[in-house]
Amino acid sequence: MNHAVAGTAPTAPETDDQRTVLALTNVTKTYPGTPPVHAIRGVDLDIRSGELVAIVGPSGSGKSTLLHVIGTLDRATSGTVSVAGYDVDNLNDKQLSSLRSRHIGFVFQQFFLLAGETALDNVADGLLYTGMALGDRRLLAEQALSQVGLSHRMSHEATKLSGGERQRVAIARALIGSPDIILADEPTGNLDSQSGKDVVRLIEDLNANGTTIVVITHDHEIASRFPRRVSLLDGGVVEDTRMIGSGGFR
Amino acid sequence: MNVSLEPSRLAPADMMRASLIGLRTRRLRSILSGLGIVIGIAAMVGVLGLSESSKSDLLAQLDQLGTNMLRIEAGTGIGIGTGELPEDSIVMVDRVGPVEQVASISETGASVYRTDLVPTGQTGGITVKAVDSNLLATLQGQMASGVFLDEAASDLPVVVLGSVAAERLGVTDGAGGTVVWLGDEWFSVVGVMDTLDLSPDLDRAALVSYSTAEEFLDHGGVPSTIYVRSDPDDIDAVRSVLPATVNPESPDEVEVTRPSDALEAKEAADQAFTNLLLGLGAVALLVGGVGIANVMVISVLERRGEIGLRRALGATKGHISIQFLGESLILATLGGLGGVALGSAVTAAYAWSQGWGILIPTVAVVGGMAAALIIGVIAGLYPAMRAARVSPTEALRTL
């Protein structure tokens, strides 16, 4: 994989299992206004390589804001955010783009697949902004599609697939560059219950193979299946529980 | 932590693919918005092409006729003169150094009819003029058939007809020995001239020699018009001395004109018309540009989700703006190519139908494409900046 990181390795030597891929320290996000809106307040969160974490909470609890801050799409008002060992505060906009292109994968509720492109090319677009040649990206995309069980749909137009299949294409796109962390925002929100279950199972399978995944959901049933659950309320973490045992924290 | 990240990169081929997505998925809209550019560029290429083609035709004509001919006429009207030049004016003109050829024309006042049975007065607008035998050479005219008046026939009742006069008199072959009723005599037609572009009045005339006019028409032979060919380099000097040379007593009664000026004036009038049409083409182009800008702005609004996704995938603001700028540029380029092709086709078809040489000026093709590209950049700039400014978090909230 060519996650080219110039310069020194960002983290101290650790075994892969221990490596912290996401560290939030006393992070707040306030939107200006009268009165100002404190979307998240004083969040501390530490996610290690290989974890499967559900961030759960009702509407307005700050889930989406937290996802945007973790995904470096938005900056925290205060506190420190470190993703894949990079201190986000010290990176400019271009460097943040670069961080997203190589270290973070996104899965959205609305899929956001490009119309007029095949499933294969949509997945290949996951590495579009790394500068990798299209041929190489397509090879990796084939592997990613087979990982999500869609080898037979490669040449289909992505937006014409079923909802469950579209979300699996989107997951493959997040997966393709083997990012340090995959952020999934309500990945089952637009799916029927069966497709939703299939997608959750796929997420669990990918995690079992070592992928670090953070799922944001308002669905406690889904959250309860995951080995770690972070509950948000009014912008603050109210509960952070880890299930110890098989399929749990590794 | 102070570490450097390799920057996000978008390969040129991928940039092209990204810019083509909007055009591929919204084909009809793209075609319609590109149509404005097609029409604008086609109008400009067509106008320039047609004007060049017609100009080349005119220049060829001027080249053939020469611009070194002057026409001297006696002024007519109250207080100006009698419509006659002094009798010895032709000799005087011939003495001017740079003058190469001189030929005169005199109005005889006679009429010509097809037969003696045609009622008097139905002249068909044909005048009878007495002319020097070197007139045709001086005018650089051509015979359509037969021969021009020469010394051998100088005092015989023979006549040469202008092209329109021959047609009106029903004479098709100048060498066929047709006779016409001229004055009170039968005259033999010995030749018919081709159309004379520089002296169209002779197309509607029947020409006889001075001696014939004197003998058969009782005409004194005072010239009313003199044609002068001069050394092209001295044409202006010759022109300025001619009035005083012809009529030293009252040079004001002499009018000197340059017949080729009329063709040049026609060219200037055509140029003014061309400029007007070019202006209209530019307006069409401007409207086309506004059309593209409009479509691009709408496209940016519609594709906020895609913009958000691309930012999440690692696109920088620059990548987003280049994608939309590229889209506008591709649209304008395709419009420009279509316009150049359409404009060239129209020019070629029209020039061919007029029998002109087909001339599609490089400046129109290159200028047309350049105009399209500039319009593309200008039309795409604002939408591209808007797209780059879209906040990724806002964009991703769009359903």
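The structure this text deals with has already been given above.
Residues numbered from 1 in each chain as written. Chains lettered and ligands numbered in written order. Predicted model: local features only at pLDDT ≥ 70, side-chain atom pairs only at ≥ 80, totals over all residues. Heavy atoms only, no water.

Description of the overall build of chain B
And then number 1: Helix and strand counts for chain B come out as 12 helices and 13 strands.
And then number 2: Over its C-alpha trace chain B gives a radius of gyration of 35 Å, far above what one expects of a compact globule, namely 21 Å for 399 residues.
And then number 3: For chain B, the C-alpha atoms occupy an extent of roughly 115 × 45 × 35 Å along the three principal directions.
And then number 4: The contacts of chain B with a sequence gap of at least 6 include a subset with a gap of at least 24, amounting to 80%.
And then number 5: Only carbon and sulfur atoms are counted for the fraction: they give 60% of the accessible area of chain B, which is about 18300 Å².
And then number 6: Averaging the coordinates of the 25 positive side-chain charges in chain B and doing the same for the 44 negative ones gives two points 34 Å apart. (Helix = DSSP H or I, 4+ residues; strand = E, 2+ residues; numbered from the N terminus. Rg over C-alpha atoms; globule rule 2.2 N^0.38 Å. Contact = heavy atoms within 4.5 Å. Areas by Shrake-Rupley, 256 points an atom, 1.4 Å probe, with all protein chains shown as cover. Lys, Arg positive; Asp, Glu negative; His and termini not counted. Charge placed at Lys NZ, Arg CZ, Asp CG, Glu CD.)

Some details on the overall build of chain A
And then number 1: If you tally the helices and strands in chain A, you get seven helices and 10 strands.
And then number 2: Since a compact globule built from 250 residues should have a radius of gyration of about 18 Å, the 18 Å found for chain A is in line with a globular shape.
And then number 3: C-alpha extents for chain A along the principal axes are approximately 50 × 45 × 45 Å.
And then number 4: Counting only residues that meet the buried cut, chain A has 54% of its 250 residues in that class.
And then number 5: In chain A, once contacts between residues fewer than 6 apart in sequence are set aside, the share between residues at least 24 apart is 68%.
And then number 6: Counting only carbon and sulfur atoms, one obtains 49% of the accessible surface of chain A, whose full area is about 10200 Å². (Buried < 20%, exposed > 50% of the residue type's maximum accessible area, 1.4 Å probe, protein only.)

Some remarks on the packing of helix H4 (residues 134–147) of chain A against helix H5 (residues 163–175) of chain A
Residues and elements named next belong to chain A.
And then number 1: Axis separation between H4 and H5 bottoms out at 9 Å; the angle between their running directions is 130°. One finds that H4 runs oblique with respect to H5. Every pair of crossing elements has a handedness; the one defined by H4 and H5 is right-handed. In this structure, H4 uses Ala-144, Leu-145 and Gln-147 to contact H5, whose residues at the interface are Val-169, Ala-172 and Leu-175.
And then number 2: Residues of the contact of H4 with H5, tallied by class, amount to five nonpolar, one polar and no charged. (Axes fitted to C-alpha atoms, helices over the stretch in contact; angles between N-to-C directions. Parallel < 35°, antiparallel > 145°, perpendicular 65-115°, else oblique. Left-handed = near helix turned anticlockwise from the far one by under 90°. Nonpolar A, V, L, I, M, F, W, Y, C, P; charged D, E, K, R; others polar.)

Re the sheet that holds strand S1 (residues 20–31) of chain A
Residues and elements named next belong to chain A.
And then number 1: Spatially, four strands are ordered S2-S1-S4-S5 in an open sheet, and the strand pairing comes out antiparallel. What marks the edges here is a single partner per strand, and that holds for strand S2 (37–48) and strand S5 (86–87).
And then number 2: When S1 meets strand S4 (residues 78–83), the two strands line up antiparallel, connected through five bridges. When the bridges of S4 are listed, Ala-23 appears paired with Ser-82. (Pairing = 2+ DSSP bridges.)

Concerning the interface of chain B and chain A
And then number 1: Listed per partner, the contact involves 34 residues of chain B and 44 residues of chain A.
And then number 2: Roughly 3500 Å² is buried in total at the junction of chain B and chain A, and carbon and sulfur atoms are behind 57% of that figure.
And then number 3: The interface formed by chain B and chain A contains four salt bridges.
And then number 4: A salt bridge links Arg-137 of chain A to Asp-14 of chain B; the nearest nitrogen and oxygen atoms lie 2.5 Å apart.
And then number 5: Between chain B and chain A we count 14 residue pairs in polar contact (both at pLDDT 80 or more) in total.
And then number 6: Contributing elements (two or more residues each) for the side of chain B that touches chain A: helix H1 (12–25), helix H9 (304–312), helix H10 (317–354) and helix H12 (392–397) of chain B.
And then number 7: A per-element tally of the side of chain B that touches chain A places H9 of chain B first, with six residues. (Buried area = accessible area lost by both parts, 1.4 Å probe. Salt bridge = Lys/Arg side-chain N within 4 Å of Asp/Glu carboxyl O. Polar contact = N/O pair within 3.5 Å; in protein donor to acceptor, adjacent residues only side chain to side chain.)

Description of the sheet that holds strand S6 (residues 104–107) of chain A
Residues and elements named next belong to chain A.
And then number 1: The six strands lie next to each other as S6-S7-S8-S3-S9-S10, forming an open sheet whose pairing is mixed. Single-partner strands in this sheet number two, and they are S6 and strand S10 (236–242). Between one strand axis and the next, the sheet turns through 15° on average, direction left out of account.
And then number 2: Bridge analysis of strand S9 (residues 228–233) against S10 gives six bridges, and the strand direction is antiparallel. Pairing of Ser-231 across the sheet is with Glu-239, part of S10.
And then number 3: Across the face of the sheet, helix H2 (residues 93–103) comes into contact with S6 and strand S7 (181–185) while running at roughly 75° to S6.
And then number 4: Its contacts with the sheet put helix H6 (residues 193–208) on strand S3 (52–56) and strand S8 (213–217), and the angle it makes with S8 is roughly 155°.

What about the pairing of strand S13 (residues 254–257) of chain B?
The side chains of a regular strand alternate, first on one face of the sheet and then on the other.
Residues and elements named next belong to chain B.
And then number 1: Here S13 shows one buried face, formed by Val-254 and Val-256, and one open face, formed by Glu-255 and Thr-257.
And then number 2: Strand direction decides the pairing type here: strand S1 (residues 69–74) and S13, joined by four bridges, are antiparallel. Looking across to S13, one finds that Ile-72 is bridged to Val-256.

Section: H1 of chain B
And then number 1: With 14 residues, H1 of chain B should reach 20 Å at 1.5 Å per residue; the first-to-last C-alpha distance of 20 Å fits that figure.
And then number 2: Maximum bend of H1 of chain B: about 30°, positioned at Ser-19 of chain B.
And then number 3: Taken residue by residue, H1 of chain B has Asp-14, Ala-18, Ser-19, Ile-21, Gly-22 and Leu-23 of chain B as its buried positions.
And then number 4: Against H4 of chain A together with helix H2 (27–65), H9 and H10 of chain B lie the buried residues of H1 of chain B. (Expected span 1.5 Å × (residues − 1). Bend = angle between axes of the 7 residues up to and from the residue.)

Some thoughts on the packing of aromatic side chains
Residues and elements named next belong to chain A.
And then number 1: Taken as a whole and assessed by the stated rule, the structure comprises five aromatic pairs over all chains.
And then number 2: Here the aromatic rings of Phe-108 and Phe-112 are separated by 5.3 Å at their centres, their planes lie at 75°, and the arrangement is edge-to-face.
And then number 3: Judged by its relative accessible area of 3%, Phe-108 is buried.
And then number 4: Residue Phe-112 is classed as buried on the basis of its relative accessible area of 12%. (Phe/Tyr/Trp six-rings, centres within 6.5 Å; stacked < 30°, edge-to-face > 60°.)

Regarding the nonpolar core
And then number 1: Formed by 72 residues in total, the largest nonpolar core has its most connected members in Leu-22, Leu-24, Leu-45, Ile-55, Val-83 and Leu-99 of chain A.
And then number 2: Ranked by the residues each element gives to this core, the list is headed by helix H11 (residues 362–389) of chain B, at seven residues.
And then number 3: Apart from the residues within four sequence positions on either side, Val-83 of chain A is in contact with Val-21, Leu-22, Ile-70, Thr-72, Val-88, Leu-99, Ile-104 and Ile-181 of chain A.
And then number 4: Ala-158, Leu-175, Ala-184 and Ala-223 of chain A belong to the second-largest nonpolar core, a separate cluster that totals 40 residues. (Core = buried A, V, L, I, M, F, W, Y, C linked by side-chain atoms within 4.5 Å.)

Overview of the packing of H10 of chain B against H11 of chain B
Residue and element names in this part refer to chain B.
And then number 1: Between H10 and H11, whose axes approach to 7 Å, the crossing angle comes to 150°. The pairing of H10 with H11 is recorded here as roughly antiparallel in orientation. Crossing of H10 against H11: the hand is right-handed. Contacts between H10 and H11 involve Lys-317, Ile-320, Ser-321, Phe-324, Leu-325, Ser-328, Leu-329, Ala-332, Thr-333, Gly-336, Leu-337 and Val-340 on the former and, on the latter, Val-365, Met-369, Ala-372, Leu-373, Gly-376, Val-377, Ala-379, Gly-380, Leu-381, Ala-384, Ala-387 and Ala-388.
And then number 2: By residue class, the composition of the contact of H10 with H11 is 17 nonpolar, six polar and one charged.

Looking at the environment of Glu-253 of chain B
All names here are of chain B.
And then number 1: Within the element layout of this structure, Glu-253 appears in the loop between helix H7 (235–246) and S13.
And then number 2: Classification of Glu-253 by relative accessible area gives partly exposed; the value is 27%.
And then number 3: A C-alpha to C-alpha distance of 7.9 Å links Glu-253 and Pro-243, two positions 10 residues apart in sequence.

A few points about a nonpolar patch on the surface
Residues and elements named next belong to chain B.
And then number 1: On the surface, Leu-28, Leu-32, Leu-35 and Ile-39 cluster together into a nonpolar patch covering about 400 Å² of accessible area.
And then number 2: Within the secondary structure layout, Leu-35 lies in helix H2.
And then number 3: Using a relative accessible area of 39% as the deciding quantity, one classes Leu-35 as partly exposed. (Patch = residues over 30% accessible without salt bridge, like charges linked within 9 Å, V, L, I, M, F, W, Y side chains within 5 Å.)

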